[in-house]
Amino acid sequence: GDAVPASQRGSWSSFLKSIASFSGDLSSLTAPPFILSPTSLTEFPAYWCERPDLFAAIADAKEGEERHLAVLKWFISTLKDQYTSRNEELGSEKKPLNPVLGELFYAYWPDKNGRGQTNLLVEQVSHHPPITAYVIENKTKGLKLVGHNAQKTTFSAGSVIVKQIGHAVLTVKGVEYVITLPRLRIDGLWYGSPYIELIDSNHIIGENFVSLIEYKGKGYFSGKSHSFKATVSPASAEAPVAATSSSSGGGLGAWVGYGSKNSSSTSLSGKEHVVEGTWHETSSWVKGAGKGKFHDSSIGKEDFVVVGGEPNGEMGEFETRKLWNLVAKGIREGDFELASTEKSKIENDQRQRRKDEAAANTKWALKHFKHEANDPIYERLGKFAKINPPTEDRYTFVGNWPPSLA
Ligand code: 0T9
């Protein structure tokens, strides 16, 4: 393909073949150098908070409808960074570094205008399959987001379909919201310049309101890439549900809005809101509380500050930027010899640790999270949107903030 350096064409096409014949954990496949990113997946949860002002604004909004709309706006504001920032910064989607078990990432967004400091803590809680757990907290505002994510990938019609597993719970002054995650389709693989399109839908579920956010790409409805439509309705049996629980990568045809059972109900006590647009650019009110612009994704991005988690403020050996330092340097500087030797060192060390643990009949101890089979919050709120699956596991945050963030 076009973006593939001539010397790596062979290795790119064998990589594509291995993707095509493979379902499950893509992160462990070996890919050619040109597609490698120097960033570990443990840094990705930071995308949830690169608009710290919009995060803080959730707490300032009046509880109820106004606050739910503030949560929706903040959520939409996270999508551009989550799903298009590698394209913008690296030229295409790249393969992130596959975190090791126990890998850690600590960072914060400084206070500004009294909104408070926002802290980020990430721990890789599983290596195979890769599962990342995170907490984002603004204590000043009484805001906390706790979540975990994993992926299941399949290959369909030349694209990779990524089903996101996991969810997040946002707590605002003690009141909870469940956030589920959309599916991704990775296109452009043939040409060696992969990019993400969001597909299907996800929900934000609060005590009083539910948002259904539906996604479409080029050629559907508005015809534009990265299109979405968000419908906010009172939380009840009538709340919007996705029309399909489609496992394919296709679009939904036309926007759906309400589940097929309710497709004829047009007004729900006049309280619903509809917002439409593109998630990487701008969106507008179509119906409900506001008029004109809803969100503009080009404004407000703030970078985080990375901190070390050791008592003396330095980074420990499992902290992302220290662990991958030389691998990342090799990738950035085109020294793939260095990158691959250093990567092998890390992998061998991991294998040895797992062996030692097996021999001693011990298990790696997580620092910040405890795995639980069920999430009662997800189960309770999930009913308002009939989310599927009706239950999920969770990684409960057990605390242990490093001194630099305490
Ligand atoms: C959670 C996000 C997730 C992680 C990434 C699928 C993917 C790993 C998971 C879902 C974040 O909140 C949002 C954004 C991007 C997702 C990644 C995109 C991607 O391609 C990788 C997978 C593992 C690959 O690297 C596939 C190989 C390659 C051909 C694509 C460049």
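Note on numbering: residues in each chain are counted from 1, in written sequence order. Totals for whole chains, interfaces and linings use every residue, but because this is a predicted model, local features are given only for residues with pLDDT of at least 70 and side-chain atom pairs only at 80 or more, for both listing and counting. Neither water nor hydrogens contribute to the side-chain values; these are computed over all heavy atoms in the structure.

### Describing the overall build of the protein
Link 1 in the chain: For the purposes of this entry, the term helix denotes a DSSP run of H or I that reaches at least four residues, the term strand denotes a run of E that reaches at least two, and both are numbered from the N terminus. Along the protein, the regular secondary structure elements total seven helices and 20 strands.
Link 2 in the chain: Relative to the globule expectation of 22 Å for 406 residues, the C-alpha radius of gyration of the protein, 21 Å, shows essentially globular dimensions.
Link 3 in the chain: Principal axes of the C-alpha set define a box for the protein whose edges measure 65 × 50 × 40 Å.
Link 4 in the chain: Any residue under 20% of the maximum accessible area for its type is buried, any over 50% is exposed, and the rest in between are partly exposed; the area is computed with a 1.4 Å probe on protein chains only. Relative to its 406 residues, the protein shows a buried fraction of 53%.
Link 5 in the chain: The contact rule is simple, with two residues in contact once any of their heavy atoms fall within 4.5 Å. The long-range share in the protein, meaning contacts at least 24 apart out of those at least 6 apart in sequence, stands at 60%.
Link 6 in the chain: Where the 47 positive side-chain charges of the protein centre and where its 47 negative ones centre are 3 Å apart. Computation of the radius of gyration draws on C-alpha atoms, with the globule rule given as 2.2 Å multiplied by the number of residues to the power 0.38. Charged residues are defined narrowly, with Lys and Arg counted positive, Asp and Glu counted negative, and His plus the chain ends left uncounted. Where a charge sits is defined by one atom per residue type, namely NZ (Lys), CZ (Arg), CG (Asp) or CD (Glu).

### Focus: the site of the ligand
Link 1 in the chain: If even one non-hydrogen atom of a residue comes within 4 Å of a molecule or strand, that residue is called near it. In the vicinity of the ligand there are 20 residues, among which Gln 82, Arg 86, Lys 95, Pro 96 and Ile 186 approach most closely.
Link 2 in the chain: In this structure, Gln 82 approaches the ligand through a side-chain N or O atom, which is 2.5 Å from an oxygen atom.
Link 3 in the chain: Note on areas: Shrake-Rupley with a 1.4 Å probe; residue coverage comes only from the protein chains shown. Protein contacts shield 97% of the accessible area of the ligand, which totals 630 Å² for the unbound molecule.
Link 4 in the chain: Elements that contribute at least two residues to the shell around the ligand include exactly helix H1 (9-20), helix H3 (65-90), strand S2 (95-97), strand S6 (143-156) and strand S7 (159-165).
Link 5 in the chain: Ten residue types, Ala, Val, Leu, Ile, Met, Phe, Trp, Tyr, Cys and Pro, are classed as nonpolar, four, Asp, Glu, Lys and Arg, as charged, and the remainder, Gly among them, as polar. A per-class count over the shell around the ligand returns 12 nonpolar, four polar and four charged. Think of a polar contact as two N or O atoms within 3.5 Å of one another; within protein, one of them needs to be a possible hydrogen donor and the other a possible acceptor, and neighboring residues in sequence only count if both atoms come from side chains.

### Some points on the pairing of strand S5 (residues 131-138)
Link 1 in the chain: The element S5 is extensively covered by neighbouring structure, given that eight of its eight residues are classed as buried.
Link 2 in the chain: Should DSSP find at least two bridges between two strands, the strands are taken to pair. The pairing of S5 with S6 spans seven bridges and is classified as antiparallel. Looking across to S6, one finds that Asn 138 is bridged to Leu 143.
Link 3 in the chain: If you look at the hairpin formed by S5 and S6, you'll find four residues sitting between the two strands, and Gly 142 has a positive phi there, around 70 degrees.

### Considering the nonpolar core
Link 1 in the chain: One finds Trp 74, Phe 75, Leu 145 and Leu 170 to be the most contacted residues of the largest nonpolar core, which totals 59 residues.
Link 2 in the chain: Here this core gets nine residues from one element, more than from any other, and that element is H3.
Link 3 in the chain: Ignoring sequence-local partners within four residues, the contact set of Trp 74 consists of Trp 48, Arg 51, Leu 54, Phe 55, Ile 58, Leu 145, Leu 170 and Ile 179.
Link 4 in the chain: In terms of nonpolar packing, the next biggest core, distinct from the first, is built from 16 residues, Leu 104, Val 135, Phe 397 and Trp 401 among them. Side-chain atoms within 4.5 Å are what join buried Ala, Val, Leu, Ile, Met, Phe, Trp, Tyr and Cys residues into a set we call a nonpolar core.

### A look at the confidence of the model for the protein
Link 1 in the chain: Confidence of the prediction at every residue is given by pLDDT, a number between 0 and 100. In this model, the protein carries an average pLDDT of 90, and 91% of its residues clear a pLDDT of 70 or more.
Link 2 in the chain: Here residues 244-270 is modelled with pLDDT under 50, and outside its nearest four sequence neighbours on either side it reaches 54 contacts, counting other chains as well.
Link 3 in the chain: Scored by ipTM, the complex comes to 0.98, with pTM at 0.92.

### As for helix H5 (residues 325-333)
What sets the pattern is the α-helix's 3.6 residues per turn: residues three or four places apart point alike.
Link 1 in the chain: For H5, every residue scored as buried is listed here: Val 327, Ala 328, Gly 330 and Ile 331. Looking straight down H5, one finds its buried side chains confined to an arc of 160 degrees; they lie on one side. Counted as exposed and oriented over 90 degrees from the buried face of H5: Arg 332 and Glu 333.
Link 2 in the chain: Of the surrounding elements, those touching the buried residues of H5 are strand S1 (36-40), S2 and helix H6 (336-360). What the arc measures is the spread of directions leading from the helix axis to the C-beta atoms.

### Let's talk about the environment of Val 232
Link 1 in the chain: Along the chain, Val 232 falls in strand S14 (residues 227-234).
Link 2 in the chain: For Val 232, a relative accessible area of 2% puts it in the buried group.
Link 3 in the chain: Placed 19 residues apart in sequence, Val 232 and Ile 213 show a C-alpha to C-alpha distance of 8.7 Å.
Link 4 in the chain: In this structure, Val 232 is in contact with His 68, Leu 69, Leu 72, Phe 209, Val 210, Ser 211, Lys 271, Glu 272 and His 273, ignoring residues within four places of it in sequence.

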